[in-house]
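Okay, here's what each chain looks like letter by letter:
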Amino acid sequence: TGEGRPGLAATLRALNGALGRPASLWVKESSARNLRHRDFLAPRAALGTAYAGGRVPSDVITAVSALGGPGVLAVRGCQQTAAGLEVRLRRPEAFQRLLGPPPGTVPGPPCSPEAAVVLHCPALRCRAALTPRHLRPVLLADHLAQLLRAQGVSVYLVPAVTDEQSRKALQQLRVEWPSSSTPGPETVSALKQALSQCPYATRCEREPSVTSLPEDIICKVNLKSFVEQQGLEGYDPNLGVLLVTEEKLRTVAELQQAVLQGKVSEPLALPAVALLMFPSGSCCSVVHMVSCEEEFQQQQMDLLWRILDPGTHMDLQKHLICGPVKVTNPSSPISADQYFQLRKRQMHDASVMKYGELAQDEAWTEVIDILTVAAIRFEMLSTAHRSKITLDLEDSSISTKGTKSGAFVMYNCARLATLFDTYQRAVEQGTYPPLPPASELNFSWLREEGEWLLLFNYLLPFPEVLQQAAQLPSPSKGLRITANTEAVCKFLIQLSMDFSSYYNRVHILGEPFPHLFEQMFARLQLLGAVRNTFHSALATLHLPPLSQI
């Protein structure tokens, strides 16, 4: 048996290496129907371009059949069929390696991260009450911050939220955001000094007849001229002259301060995920997370910062744009707090309908709060960030029933908690023996279709799902970047559906007969790993697991 936790990427690399082709030909199967016959497939069309007549030489098939080793799932058999080249894995061994005792010390993220990202949400500078439109980039930033930290990257959140009403709205949604980091007056003074020497800036001579200019205006900056002379791409062609105020300078100063905090002392020792963000070994990436309505204003601030502080990190400013949030049936514009209270009332009513008076108990207050946060976070985050979101305020699907809702995910996480609580009580009463060490379990008992589905589609790829969701690739052209910010929510929804299907079909805690214990133990070990996966994924959404629903 190969040592080390097997990984999906390592296995695919080994399969491609066995074919001796640089291109990736293999597809991981995921549907229950296809997994009955195979685990990986090199499709016939792809083989036709790689081999004469699409026929794979027998020595290549032999090499694929012998695959295994550290980090690679061992192959049981390989054959060419009408569909292509099919591979089946040694499934009992895969269960053993993924669920058994760890092969040794598994390296975690570095203790002292050697990379940093500043996540900037201009929506939090809004003077009016936050709305659902403002919440979308904030919730994205909060989730992305957790994903990046899990990969060993330091994260700095900007701006600090000083408004009490906004702080309360964020706390209700379990968003952890700094409340103080005001730049000193000397920083703003230094920026004013830079402006006075800037070739793109001209003083604003205030005429008595003109009253429309802001009181704290300092000067005008010709952004269009700067873009043209620097040869910058991706900026709105309508960018012209920007009126620079004290407030805009404070914004730049706060961003500067965050970047200075995030500077790396030794940029050569970067976490793996950071190499995609810092290709030149630079120290700090800045991601402006803005709604499409704020994009123009943020481009203005991006350019002002470049003009005032032409440092190397300026090449690492990125813009992650959120699509519009459309609210249907609003009697009037709705604030973030009103949105939360509405969803909370709907979740309370749905819980009472399902659980009766039990849901009226005081102990349920926190449960309903967490279900509400889950509903809102999944509503905002399970859609690709570029796409439009429509919030139906009268939508009855905000319940415990919809399979694509946050409440459904939390419900299935709670079912696992109930299962293990029930088992533990039965152990204490002497009904079942305690779960033996993983090294003593017999995973060949795991033969049910749903068990392989849970392992192969969720436990195996989960580390890579987290890593890919945290990647912030540099823009191919222009300013905008695309991130897989919806990946974790989609993963949790699909995991909940497949776990629910398995749990409804298979009786885990059977009759207390010794000859049934081996299978029960193997299943509990599998579901314990599923529970840990739920908990780790929910932590990136600041959602605690529920012990009851």
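Small disclaimer: the values here were computed from a predicted structure and weren't measured.

1. Structural notes on the packing of helix H15 (residues 406–428) against helix H18 (residues 487–505)
Where H15 contacts H18, the axes come no closer than 9 Å and their chain directions differ by 45°. Between H15 and H18, the angle is such that the two are oblique. Crossing of H15 against H18: the hand is left-handed. Facing H15, whose interface residues are Phe408, Val409, Asn412, Arg415, Leu416 and Leu419, H18 presents Leu492, Ile493, Ser496, Met497, Phe499, Ser500, Tyr503 and Asn504. By residue class, the composition of the contact of H15 with H18 is nine nonpolar, four polar and one charged.

2. Side note on unusual backbone geometry
Cis geometry marks the peptide bond from Val158 to Pro159, where omega comes out at 5°. Even without being glycine, Arg174 reaches a positive phi, approximately 60°. On the secondary structure map, Arg174 appears in the loop between helix H7 (164–172) and helix H8 (185–196). Residue Arg174 is classed as partly exposed on the basis of its relative accessible area of 33%. Positive phi, normally seen in glycine, also occurs at His542, with a value near 55°.

3. A word on empty space enclosed by the protein
Rolled over the atoms, a probe as big as a water molecule pinpoints where empty space is left. The final tally for this structure, using the stated rule, is one cavity of 30 Å³ or more. Reported here for the largest cavity is a volume of approximately 50 Å³. Ala129, Leu130, Asp163, Gln165, Ser166, Ala169, Ser335, Ala336 and Asp337 together form the lining of the largest cavity. When contributions to the lining of the largest cavity are tallied by element, the ones reaching two or more residues are H7 and helix H13 (336–355).

4. Details of H18
Here H18 contains 19 residues, and its C-alpha end-to-end distance of 27 Å stays within 8% of the 27 Å for a straight helix at 1.5 Å per residue. Of the residues making up H18, those classed as buried are Val488, Cys489, Phe491, Leu492, Ile493, Leu495, Ser496, Asp498, Phe499, Ser500 and Tyr502. Looking at the buried residues of H18, the elements they touch are helix H6 (132–150), helix H14 (364–381), H15, helix H16 (449–459), helix H17 (462–469) and helix H19 (514–539).

5. Let's talk about the pattern of salt bridges
Between side chains of opposite charge, pairing is possible as soon as their charged atoms come close. For the structure shown, the criterion picks out 17 salt bridges. The partner of Asp39 in a salt bridge is Arg91, with the nearest N and O atoms 2.7 Å apart. With Asp39 in the loop between helix H2 (32–35) and strand S2 (40–43) and Arg91 in helix H5 (residues 91–99), the pair connects residues that are 52 residues apart, well separated along the chain. In the salt-bridge network here, residues are joined through shared partners; they are Glu29, Arg38 and Glu86.

6. What to know about the nonpolar core
Within the largest apolar cluster, 136 residues are counted, with the highest numbers of intra-cluster contacts made by Leu119, Trp177 and Leu527. In this structure Leu527 touches Leu416, Leu419, Phe420, Leu454, Phe499, Tyr502 and Ile508, once residues within four positions along its chain are discounted. Among the nonpolar cores identified, the runner-up in size contains 33 residues, and Ala116, Leu249, Ala258 and Val259 belong to it.

7. Considering the pairing of strand S5 (residues 116–120)
Within S5, five of the five residues are buried, which leaves the element mostly enclosed by the surrounding structure. Neither face of S5 is open: one carries Ala116, Val118 and His120, the other Val117 and Leu119, and all of them are buried. Taken together, the five bridges between S5 and strand S6 (residues 154–158) define a ladder with parallel strand orientation. By the bridge assignment for S6, Val117 is matched with Val155. Inspection of the sheet shows S5 paired to strand S10 (residues 284–291) by five bridges, in the parallel sense.

8. What about the environment of Ser382?
Tracing the sequence through the fold places Ser382 in the loop between H14 and strand S13 (389–392). A relative accessible area of 18% means that Ser382 is categorised as buried. With 105 residues separating them in the primary sequence, Ser382 and Ala487 have C-alpha atoms 7.4 Å apart. Look past the residues within four positions of Ser382 in its chain and what remains in contact with it is Arg377, Glu486, Cys489, Lys490 and Ile493. One polar contact links the side chain of Ser382 to the main-chain carbonyl oxygen of Phe378, over a distance of 2.5 Å.

9. Section: the sheet that holds strand S7 (residues 201–203)
Strand order in the open sheet formed by three strands is S7-S8-S9, and the pairing between neighbours is antiparallel. Sheet topology places S7 and strand S9 (241–245) at the edges, where each strand pairs with a single neighbour. The sheet shows a mean angle of 35° between the axes of neighbouring strands, direction not considered. Relative to strand S8 (residues 217–222), S7 runs antiparallel, the two being bridged by three bridges. Counted as the bridge partner of Thr202 is Lys220 from S8. Together, S8 and S9 form the strand contacts of helix H10 (residues 246–261), whose direction differs from that of S9 by roughly 85°.

What counts and what doesn't
Residues numbered from 1 in each chain as written. Predicted model: local features only at pLDDT ≥ 70, side-chain atom pairs only at ≥ 80, totals over all residues. Heavy atoms only, no water. Axes fitted to C-alpha atoms, helices over the stretch in contact; angles between N-to-C directions. Helix = DSSP H or I, 4+ residues; strand = E, 2+ residues; numbered from the N terminus. Parallel < 35°, antiparallel > 145°, perpendicular 65-115°, else oblique. Left-handed = near helix turned anticlockwise from the far one by under 90°. Contact = heavy atoms within 4.5 Å. Nonpolar A, V, L, I, M, F, W, Y, C, P; charged D, E, K, R; others polar. Buried < 20%, exposed > 50% of the residue type's maximum accessible area, 1.4 Å probe, protein only. 1 Å grid on protein atoms, 1.4 Å probe; cavity = no way out; pocket = protein on both sides within 12 Å on 5 of 7 lines; lining within 4 Å. Points joined across faces, edges and corners; volume = space filled by probe spheres on them. Expected span 1.5 Å × (residues − 1). Salt bridge = Lys/Arg side-chain N within 4 Å of Asp/Glu carboxyl O. Core = buried A, V, L, I, M, F, W, Y, C linked by side-chain atoms within 4.5 Å. Pairing = 2+ DSSP bridges. Polar contact = N/O pair within 3.5 Å; in protein donor to acceptor, adjacent residues only side chain to side chain.

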